[in-house]
Structures are given as structure tokens and as C-alpha cells.
Amino acid sequence: MFVPTADPVREPPIIVMNTVLSLLAVNYPANKLACYVSDDGCSPLTYFSLKEASKFAKIWVPFCKKYNVKVRAPFRYFLNPLAATEDSEFSRDWEMTKMEYEKLCLKVEDATGDSHLLGTEDELEAFSNTKSNDHSTIIKVVWENKGGVGDEKEVPHIVYISREKRPNYLHQYKAGAMNFLARVSGLMTNAPYMLNVDCDMYANEADVVRQAMCIFLQGSPNPNHCAFVQFPQGFYDSNTIKLIIIKSYMGRGVAGIQGPINLGSGCFHTRRVMYGLSPDNLEDNGSLSSVATRELLAEQSLLGEFGNSKEMVKSVVEALQRKSNLQNTLANSLEAAQEVGHCDYEYQTSWGKTIGWLYDSMSEDINTSIGIHSRGWTSSYISPDPPAFLGSMPPGGLEAMVQQRRWATGSIEILFNKQSPLRGMFCRKLRFRQRFAYLCVSMCVRSIPELFYCLLPAYCLLHNSALFPKGLCLGITMLLVGMHCLYTLWEFMSLGHSIQSWYVSQSFWRIIATSSWLFSIFDIILKLLGISKTVFIVTKKTMPQTMSGIGPSQRDDDGLNSNSGKTEFSGTLYFLPGTFIVLVNLAALAGFLVGLQRSSYSHGGGSGLGEACGCILVVMLFFPFLKGLFKNGKYGIPLSTLSKAGFLAVSFVVFSVGN
């Protein structure tokens, strides 16, 4: 079980620890599980928090399994008060467990402000004189389940790792961290299956591992029946309805072709597949074919592909041949694990090219997914109720913009790399409709036409030229637009969401398309021209204040709370396009109402009610920016952004009227 984190400030350790605790407590034999936490920030606070969480796990895991607790992330479980009807033994255990969790939170909180509380000098020696981008490999066995037999009181292995980083080396962001996790886990436990979750995505279904194993271990006449099992990403906050709808329909739809797309979290991988194995290399019973045995298991070939570590090669051979790991203690693998964490270990190997999580895109999940499906594998989709994994999304504002920009940049990068679904349209084993599904995910380039469509009604109204056809053709156009709106509204309401949720979603995607996605196109252009490189920015994670009992509102079926629909603005360029679009359309409507349009010399007539309705629709879709014009503080558009947008709007009006 892999949990990657990169920044203790933007990803607070208490959030990471709740994810770890939820994974440790799943209903599966503890002697068959191991949890690896990758800390790309090389933070002693993260290590300290993991150490303290491992102590609390010895209380939390038995408690969850004894009473069959449904929610196994403590910060969510303790949101609800203890029912008065509970028996005395459970009440005592509940109170004691909650008290221990509060102690854990206080220890982590105190250590955040005082580094002297992190531990002794001997414990933190590995972290001395280190920086997040300049340090040696650190691997520490936090807890080892020695001689475990799968008893309910046992806690799985817990290992802390932080790969070596140096300023002059490219570390490949999350994909590089995941490949290091694959190598270290291969040396230590070498389990045939690997689960990766984001650090804020806790396990919400205690039987999630069993559900995935049912897919992997079911008898199937098709040897390529499953390379990975993807669970949909669920969310417990109110900022995610727009994503849930897409995943509810598109996720299930793509699952019916060649399998779901890897979403980067909540995904169970087969180690052999991540090591580059193809269905062609297997016999009907799943064992390696004689040809594959000769080609894949040659020592020199393995050293060239997996790196110059004989211990690593040995673990790869065992994984490909499905042999069980005979390692007695984790400590025996520490030296070899240190070796595979060096900055230059992957140099001239196949890591990130054909093995492990693939590089050359910030969307390493989609990139890797295409690589797997292109080899002929299929994947499986499980959508249980309740959701298997739950996390949070940043609220509307700068953090949401940054996250969407990173996703869009990574998706567009895929169009230009070796995994591009546009390449080899009829050559690889990626099915034709699956290829179109990947193209759909990567079509963030539509931000440019969307920007033009947001400005066209205003231009035509100011220029006094017709945008929409007249007469019957106008009726047909309006009918088609209306049918599309009704269909998307039906999609929302059929899943139990309201009309307001539908409107918020439509507004969200128009704003994102004309801001975050637009900047991602500039990122790609600069990268292709060799002017700059794309930069991975960690999204800030937040969590309810559980100790004060403050949590997400459960009262509204849409999950909307008092802050829903409120957008926090800042002086960054992300909010410039939206402000500009609103000002331009307001100016066009004002000119139309007072009759300031230029004279029309066209025989088809000038602009009219249709173009005015188009401007009104655009303003409605960008309503958060309209509200921001009249608010102060963090919910108001800063003067610097207003002045820039105002200058652009005046220039646009002059151009439209005078052209």
C-alpha cells in the first residue's frame, strides 16, 4: 500500500496519518499487508507523525476490527458523537480510543511548532542538514509485523522512505516517487499487488482489498483479463459534484471498452504488469511462456532494464515467476533499498519508459494507463456503495485553478509524447474506442475555442453583426442548445443532485476552461519551444477541525454548505480571463440597451435579441466573477486584476466597434 506525500505544509501530516491508519485497519490479514509512506519533502515532522501514528494503530486497528467499524479514518469516525444506547464496554473502548487519537493530534500539532519535540538526535540524525531538494536516501522501518499470522490485533508493516534528491537531477515528480516505492517494496516484501492512494484519500470501505482480490484471483479464460483494478474517487466535501458526474458516467462507460483509466489514486496494480509484462508473455494458466522466460529472465537483460542491483533483479525474477517472498526481516533489505534510491539509479534503464509509472507527463496516471492498455491488457472498475475511497477537493479559488492547470498540462503533454493516442492509430493493441476515450480526457485544448465563444456574442452585439441565423434556423439552434441543457440536467438529477448543482457545475467548467486550461496550453507551447519546463505544484490539502466537532455539513443532499458558491479571488493571472469576459459582456449588454451599436451595412441585418441572450448566458456562467465585482476582501476581485481586465475590455470594445 503506497501513500506518497511531498510537502508537510501543503499536505499536513495529520491528513496523511489518517489515510495510513485507514489502510492499516482494512479487513485483510495484516501479515499480507505492508504500508509504505513516500516523503518527497524529507520532513522529520512527517516521520515523527508516522512513528506516533504507528503507536496509535496498535489501538485503532484492533478497535476497528473488534467492533466492525465502518469508517476507519479517525478524523471522520469521531465526527459523530457516541450514541447513548451503546453498551458499556464499547463506550469505554470508544472513549479511550478517541482520547488516544486526540493525544496523537496534539503531539503532531505541538511538533509542528516546536522541532525539539520531534525526537532525539539519534532518531533524527538522518534528517540533519537536509533540504527537501537536497538529501540522501532515507529508509526507516517504523513498525515490523514479525512472525504475524493474520490475527485481528496485528498491525501491518509500516515503512518510511524518502528518495535521494539533488538540485541538478530531474526527479520526475510523483511518477519518480512511485517507481522508488515499487523498487523498495519489491526488495522488502515483493507483494504481487500494489495499491496506491493519494495522501488525503482514506479507505472508506473496510473490505476494499478483498473486493480487488476477487477480481484479480477469479478464474478467467482470458489471460489478459485484468492489469489493474480502479475504484472511483469519492469526496466528502461540497466542492466535487462537478467531478462526480463526469466519473459516474464516463468511468462506467470506458470500463465497458478496454477498462477504466487509471485515476492515480484508489488503484490496485499487478506488480508483474508494472514490470513491463505483456499478455503475449503468458501461457493460458498465467505462467511465463518458454520464450518469455528466455528473453525476460536473462540476467544481463534484467540488469539493463531494472538497474544495476542484483538484489533488485532477484526480486523481479521472483515477481515475474509469481514466487512468494521469503524475506525474514525487513532490515535485511535496507542496504539494497538504499542503493535503488540513488538519483542516478534509473539512468540508462527502462524505469519510466516501459517499466513502472511512465514519465514525460505530469499526469503520470493517464500516461501509465495508456502504456498498459497499449500492451493488450484490460482493467476493471469497481464502484461499491459506500465508496471505497474518500478525499477532499480544494474549494473554488486559486487552489482549484492550480490543480486543474496541472491536470490539464499533463493531459496535453500526453498528446505529444510516445504514449499519445494519436500515434499508431491502427498499430498498437489499444482499442479504437478506448483511444477516443483517452483523446476525450486530453482535449483540454478546447479552452481556446471556448474563450472565443464567450467573446463572440459580445463582439457581434458591439459590431452589430449577426451571430445566430434568423427565422427557422434560429429555432433549430435554440432547440439543439435546449436539448443539450436538458440532457445534462437529467444526468445530474438522475444521480440525486439538484438544479443548482447542475448550474454550479456548468459554471465551474466554463471558468476552468477559460483560465486553468488556457494557461496549460501556454505551458505546453513554452515546453515544446524549449523556453521553459512544466512545474509540478502540490495542491494544498485541508481537513475539517475534528477536535472541535466541525465537519462537512450532512444536512443538504447535495453537500452544499454556507460557503458553497463562494470563490476566493487573488491577484494572480488565473482570475484575469474570467474578469475580462464578464466586463466585455456587460459592456456589450449596456451598449445594446442604450443603442450605442455601430450601424449595420449587411443585408442579413444586425445583431438582436439572440446575441443579447448569448451575452446574458455568458454572464450567468461567470456569475462568481460578477459577484466578485461588488465584494471586498478575499471574495472580491482585487483592484490590480480589475484594472488589467478593464484595460483589455476597453481595448476589445474599441476594436469591436471600430472594426
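Residues numbered from 1 in each chain as written. Predicted model: local features only at pLDDT ≥ 70, side-chain atom pairs only at ≥ 80, totals over all residues. Heavy atoms only, no water.

Observations regarding unusual backbone geometry
Here is step 1: With an omega of 10 degrees, the peptide bond between D385 and P386 qualifies as cis.
Here is step 2: Tracing the sequence through the fold places P386 in the loop between β10 (380-381) and β11 (389-391).
Here is step 3: Even without being a glycine, N190 presents a positive backbone phi close to 55 degrees.
Here is step 4: Within the secondary structure, N190 sits in the loop between α5 (173-188) and β5 (193-196). (Helix = DSSP H or I, 4+ residues; strand = E, 2+ residues; numbered from the N terminus.)

Observations concerning helix α18 (residues 499-513)
Here is step 1: Between its first and last C-alpha atoms α18 spans 21 Å; for 15 residues at 1.5 Å apiece the expected length is 21 Å, and the two agree.
Here is step 2: Counting buried residues in α18 gives eleven out of 15 residues, a clear majority hidden from the surface. (Expected span 1.5 Å × (residues − 1). Buried < 20%, exposed > 50% of the residue type's maximum accessible area, 1.4 Å probe, protein only.)

Remarks on the pattern of salt bridges
Here is step 1: Counting across every chain of the model gives 21 salt bridges.
Here is step 2: Measuring nitrogen to oxygen at the nearest pair gives 2.6 Å for the salt bridge that ties E399 to R10. Here E399 is found in helix α14 (residues 398-415), whereas its partner R10 is found in the loop between β1 (2-5) and α1 (13-24), with 389 residues between them in sequence.
Here is step 3: Of the residues examined, R10 reaches a relative accessible area of 23% and is grouped as partly exposed.
Here is step 4: Here D280 and K429 are joined by a salt bridge, their closest N and O atoms 2.3 Å apart. Taken together, the positions of D280 in the loop between α8 (271-274) and α9 (290-296) and K429 in the loop between α14 and α15 (432-441) put the pair 149 residues apart, joining distant regions of the chain.
Here is step 5: We classify D280 as exposed; its relative accessible area is 55%.
Here is step 6: Via salt bridges that share partners, D40, R163 and K165 belong to a single interconnected network. (Salt bridge = Lys/Arg side-chain N within 4 Å of Asp/Glu carboxyl O.)

As for the pairing of β1
Here is step 1: In β1, alternate side chains face the same way, and those of F2 and P4 on one face and V3 and T5 on the other are all buried.
Here is step 2: Both β1 and strand β2 (residues 34-39) contribute to a ladder of four bridges, which runs parallel. Across the sheet, residue V3 finds its bridge partner in β2, namely V37.
Here is step 3: Each parallel crossover has a hand, and the one from β1 via α1 to β2 is right-handed. (Pairing = 2+ DSSP bridges. Right-handed = clockwise from strand over helix to strand, strands pointing away.)

Topic: the nonpolar core
Here is step 1: If you look at the biggest cluster of nonpolar residues, it comprises 68 residues, and the most contacted ones within it are V3, W60, V229, F231, F268 and F389.
Here is step 2: In terms of residue count, helix α2 (residues 44-67) provides more of this core than any other element does, eleven residues in total.
Here is step 3: Excluding residues within four positions of it along the chain, F268 makes contact with M194, L195, V208, V209, A212, M213, F216, A227, F228, V229, F231 and F389.
Here is step 4: Y574, L576, V618 and F622 belong to the second-largest nonpolar core, a separate cluster that totals 49 residues. (Core = buried A, V, L, I, M, F, W, Y, C linked by side-chain atoms within 4.5 Å. Contact = heavy atoms within 4.5 Å.)

Section: the environment of F90
Here is step 1: Assignment of secondary structure puts F90 in helix α4 (residues 88-113).
Here is step 2: Between the C-alpha atoms of F90 and R183, which are 93 residues apart in sequence, the distance is 42 Å.
Here is step 3: Apart from the residues within four sequence positions on either side, F90 is in contact with F63, Y67, Y77 and L82.

Quick look at the confidence of the model for the protein
Here is step 1: A residue-level look at the protein finds 91% of positions with pLDDT of 70 or above and a mean pLDDT of 87.
Here is step 2: Between residues 546-562, whose pLDDT stays under 50, and residues either more than four places distant or in other chains, the model counts 29 contacts. (pLDDT = per-residue confidence, 0-100.)

Remarks on the sheet that holds strand β6 (residues 202-203)
Whenever strands of a sheet pair, they do so through backbone hydrogen bonds, lying parallel or antiparallel.
Here is step 1: The sheet built from three strands is open, its strands ordered β6-β11-β8 with mixed pairing. At either margin of the open sheet sits one strand with a lone partner, and together these are β6 and β8 (233-235).

A word on empty space enclosed by the protein
Here is step 1: The final tally for this structure, using the stated rule, is two cavities of 30 Å³ or more.
Here is step 2: In terms of lining residues, the second largest cavity is bounded by I15, T19, F75, D200, Y202, Y236 and T542.
Here is step 3: Residues of the lining of the second largest cavity, tallied by class, amount to four nonpolar, two polar and one charged. (1 Å grid on protein atoms, 1.4 Å probe; cavity = no way out; pocket = protein on both sides within 12 Å on 5 of 7 lines; lining within 4 Å. Points joined across faces, edges and corners; volume = space filled by probe spheres on them. Nonpolar A, V, L, I, M, F, W, Y, C, P; charged D, E, K, R; others polar.)

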